[in-house]
Structures are given as structure tokens and as C-alpha cells.
Amino acid sequence: MEGFNLEEDKLKEECGVFGIYSNEIDEEISHLTYYGLYALQHRGQESCGISVKNGEEIKCHKDIGLVSDVFSKENLQDLKGNISIGHVRYSTAGGAGRVNAQPLVSTFKLGSISIAHNGNLVNADVVRELLEETGCIFQTSVDTEVIINLIARSYKKGVERSIVDALKFVKGSYAMLLMAENKLIGARDPNGIRPLCLGRMGEKYILSSESCALDSIGAEFIRDVEPGEIVIIDEEGVRTIKFAEKTGCATCSFEYIYFARPDSVIDGVNVYESRIKAGEILYKESPVEADVVIGVPDSGVPAAIGYSKASGIPYAMGIIKNKYIGRTFISPTQEMRERDVSVKLNVLKVNVEGKRVIIIDDSIVRGTTSKRLVNILRKAGAKEVHFRVSSPPVKFPCYFGIDTPYRNELIGAFSSLEDVRERIGADTLEYLSINGLLKSLGKDKGYCLGCFSGEYPVSTPSEDFR
Ligand SMILES: O=P(O)(O)OC[C@H]1O[C@H](OP(=O)(O)OP(=O)(O)O)[C@H](O)[C@@H]1O
Ligand SMILES: NC(=O)CC[C@H](N)C(=O)O
Ligand code: SF4
Ligand SMILES: [Mg+2]
């Protein structure tokens, strides 16, 4: 396997996809996609786009920025058709430019095609090099573009077979939407690492990264797309192709811990409930005497409620989050992350002053958030600060689309529990165990735990230490 360098790391992001199929040209379709993307904004905030198919023509509007910035009434009205796909994108430092915004649109022998992808293809560079050697031209530096080229080069008849053919060559994670011919097509990688679900709204079918986006437009949830499944939606209805022989399901456990919205249900597991359970189990594993339990908003709050419920120690709001600021864990530089955290979180002094405080967050990645929070809690007069984390220590990078960085940036990678405790300045520090995490998800297998255990569902590029 090839070495892996930092430049390539810049392509590993998390994104959200949302698509609609209607039998008829529908005025509403781009607006509904816009609302769907709005509900998925937490999955990526760098760029976004919508493409709409009207017969042979595909119109696309995409740009750098949030959904609310990129789209206006006018440009949505201009996107008329019967199929749409939309994308919200996040990247680390590089590759975030307009040119790499999705959906990608191309023309090939079967007509026009558009693709939107959440995930990361671990062999994209190798496949790209091979394609380039045989004369393929690439317009972007996104891994996703290799799929379009593989589809275009396939000798198989029709777009469905070409997609099956193309997917044989790529490895990694993908929840992806395509539109070609008169079809909306969704594909989920053989391990189902990234989520994708199917919904319905009257006669329209919808594919979405998360079920919360179905709720946001008043659609009903039908089911999750299965690992290794391609869903084809056209005038005949919904069909399915299983393109991969049975491989173990390995849904990303970090989706439940942090990434997904709490009002989503992924592969039958309610994200909010799994966070509450993680908090309850965390108490059973690591109890401590204290006066109050507080949660780090947003994603640490349900686990704090669970910890409080299990321990009987009252829950209070101890940290206030500025509503108008995005996620810091996914900010591109450490300097930006530190600045964001200070603007973002403040202590509610009245609830912590003179008290022994248990503070719960869903994860510690670089340690930026936890260190600052312990510091401001002490400044606000907390007598003791006990940090509890509702996931195991993040020790390894993710190769499948979440920005857990290289190991020397991960505070938990090489340090002992005691070292981390000292660095963040807490009186005590405990994490949820891997077993506890699995218990909170209700099954002892079926999840990727790569960033905690270093064991990944797909072979990964060899690590390059900085
Ligand atoms: O150890 P760190 O590198 O600071 O990263 C961990 C923090 O980042 C995430 O929060 P984030 O602020 O991104 O989003 P949230 O508001 O949804 O919790 C996560 O929930 C932790 O709080
Ligand atoms: N990482 C994501 O989920 C986005 C898809 C793709 N890897 C991109 O770079 O745009
Ligand atoms: S390595 Fe971690 S973040 Fe990446 S897919 Fe696996 S569980 Fe999710
Ligand atoms: Mg957080």
C-alpha cells in the first residue's frame, strides 16, 4: 500500500447528501432539496450545491458557503426538473475551493450525469493515476471524480451496470447519490460506513444522509439503504441491486457519538437515545461524587442527561453556546479552532460557583475544547472539575471521511489517561470503554471503531507520522 501524506489528508471530509425523484417536472423540487440540505448543514459547512435534471439537461448551482448564503429564491427557481441531488461539503485545509464543490456534473456516452458523495475513497489516488495514464482528464481534485470516470469508461450496458462495474474498483466509504438517464440512484459502500436512508413524500422518493432531513420536509422514513446496496428510483418505482457480496456492516460509531443530529435514526439506532445510554453507562463505569452534572453543548448534552439520570446528581446548564457559530472540531486550523471555542462557549457561573462539577463531553479529539472549559469553569469558581467523556479515547486517525487528524494531533494517541488529565487540568478524567460504547449502540458488532481501536473495516493507507 502507498504512503499517505498530509496533502492527501486534506481531502478527508464529512459531507451530507440529499436527493429527490419525482415522476413529473416539479417546481418544488429544488426548494425541498434546499430545505433538506439545510437540515444536513451540520455535516459540512464549506461549500454546497444542488443539481437538477430536466430531461437531458442538468443545471447546477454550487458555491463556497452555507446553504443559506449560496442559494437565493432566484437561483432555486432557475433549477427546475424532476430529479435533484444536493450536497453539503466539509474538507480540512485544502481542496475546499469552489472547483471541488459538489455535486459534480459531467457528460458521457449515456448523456449527462451528476454525483454527490459523502465519504472518502482510500484508493482514489491510485485509481486516478491509472485513469490519467490512459488519458482521462480530471476537472477537480476530489476523490469522487474517479467514480464518474470509471462509470464513463465502463463497457457495461446502461448506467446501472456501469455503476456496479465502477464501484468494484473503489475502496473506502461512500454514501453517494447519482442522477443519470431518468434515474435517481443511491449507493452505500459494502460496509455501510456512512449513513444513507430512503424516504417518501407523496409520489416523490427521497434519499438522504440522515433521517432528520426527511422530517424537515415532512417526508416519511421508509428504510436505511443497506451496506453494499444500490437503490434505483425511476418511473417504475424503487429497485435494488446488491453489488457486494455480504461484508460485515460497520457503520461509523462516531456518527452516533458526535456527527449525526440527535433527531436522526441511523441503521435502526436512535442517535439521541444512544447518547443518553452512553451517559448512563459512563456513570456505571466511572462514578464520582459531585453536586452538579453539566454537558458541553451541543453533542455532549444528552450524555450528561444520561449521567445525571443514572447517578441522581442534578443536571444543570453550565455552559452556554453561542448559537451563531459553527462546529469547531471541523475548523481547518488549530488557531481557528481555539478562537472559535472561546467565542463559542461560556460558563453559566450561577450553576457552577462553589460546586463540585461533573462536566460531560461526547469526545476529546485535540483537547482544545476540554482544556479551555476546565479553565473557565475554575475561573467561574467551580470547586472541583471532573471530566467525563462519553466515548473512548480517540487514538487513531479516520480514513473514511471524518476529520480526526493525524495521531500526533490527537491528545489521546500517545498520552496516558493521567497525562491527558493533567494537560486539560481536570481533577479527574474518565472515558467510556469500547464495550460501553457498543452497549450504548445496542449491539456488540456492526460498527466501525477504527479511531478508538486502530482496526478498520477496510484496509487503509499506511500511516505517515508528522
Ligand atoms: O478535543 P477537541 O479537538 O476540542 O474536539 C472535541 C470537541 O469537538 C466537538 O465539538 P464541536 O464544537 O465541534 O461541535 P458541537 O457543538 O456539535 O459539540 C466535540 O463535541 C467536542 O466538544
Ligand atoms: N468527504 C466527504 O464526505 C465529501 C466527499 C468527497 N470525499 C469530497 O472530497 O468532496
Ligand atoms: S475510524 Fe472512527 S470516525 Fe472513521 S469511520 Fe471509523 S468510527 Fe467513524
Ligand atoms: Mg462539542
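Residues numbered from 1 in each chain as written. Chains lettered and ligands numbered in written order. Predicted model: local features only at pLDDT ≥ 70, side-chain atom pairs only at ≥ 80, totals over all residues. Heavy atoms only, no water.

S.K.: Help me understand the nonpolar core in this model?
M.R.: Among soluble globular proteins, nonpolar side chains are generally buried collectively. One finds Phe254, Ile358, Ile360 and Phe452 to be the most contacted residues of the largest nonpolar core, which totals 41 residues. Where this core is concerned, the elements lending two or more residues are helix H9 (253-259), helix H10 (271-285), helix H11 (301-311), strand S20 (356-361), helix H15 (434-441) and helix H16 (450-453). In contact with Phe452, other than residues within four places in its own chain, are Ser253, Phe254, Ile257, Ser391, Pro392, Pro393, Val394, Lys395, Phe396, Ile434 and Leu437. Listed in part, the 30 residues of the second largest apolar core include Phe138, Ile148, Met176 and Ile232. (Core = buried A, V, L, I, M, F, W, Y, C linked by side-chain atoms within 4.5 Å. Buried < 20%, exposed > 50% of the residue type's maximum accessible area, 1.4 Å probe, protein only. Helix = DSSP H or I, 4+ residues; strand = E, 2+ residues; numbered from the N terminus. Contact = heavy atoms within 4.5 Å.)

S.K.: What's the story with H11 in this structure? I'm lost.
M.R.: The periodicity of an α-helix, 3.6 residues per turn, causes residues three or four positions apart to be oriented the same way. All of the buried residues along H11 are Pro302, Ala303, Ala304, Gly306, Tyr307, Ser308 and Ser311. Looking at the buried positions of H11, the neighbouring elements they touch are H10, strand S17 (292-295), S20 and strand S21 (384-389). Looking one or two places after H11, you find Gly312, whose phi comes out positive at around 80°.

S.K.: What's the story with helix H6 (residues 145-153) in this structure? I'm lost.
M.R.: For H6, the buried fraction is high: 7 of the 9 residues fall into the buried class. Every buried residue belonging to H6 is among Glu145, Val146, Ile147, Ile148, Asn149, Leu150 and Ile151, and all of these are buried.

S.K.: Any chance you could explain the sheet that holds strand S22 (residues 428-431) here in plain terms?
M.R.: Two strands in a sheet stick together by hydrogen bonds in their backbones, pointing the same way (parallel) or opposite ways (antiparallel). Strand order in the open sheet formed by 4 strands is S17-S20-S21-S22, with parallel pairing between adjacent strands. In the strand order of this sheet, the two ends are held by S17 and S22, each with one partner. Taken over all neighbouring pairs, the strand axes of this sheet differ in orientation by 20° on average, direction set aside. Pairing of S17 with S20, which is carried by 4 bridges, proceeds in the parallel orientation. Counted as the bridge partner of Val293 is Ile358 from S20. Sitting on the sheet, H11 touches S17, S20 and S21, and the angle it makes with S17 is about 160°. Against the sheet, helix H13 (residues 368-379) touches S17, S20 and S21, its axis set at about 155° to S21. (Pairing = 2+ DSSP bridges. Axes fitted to C-alpha atoms, helices over the stretch in contact; angles between N-to-C directions.)

These figures come from the coordinates and say nothing about function on their own.
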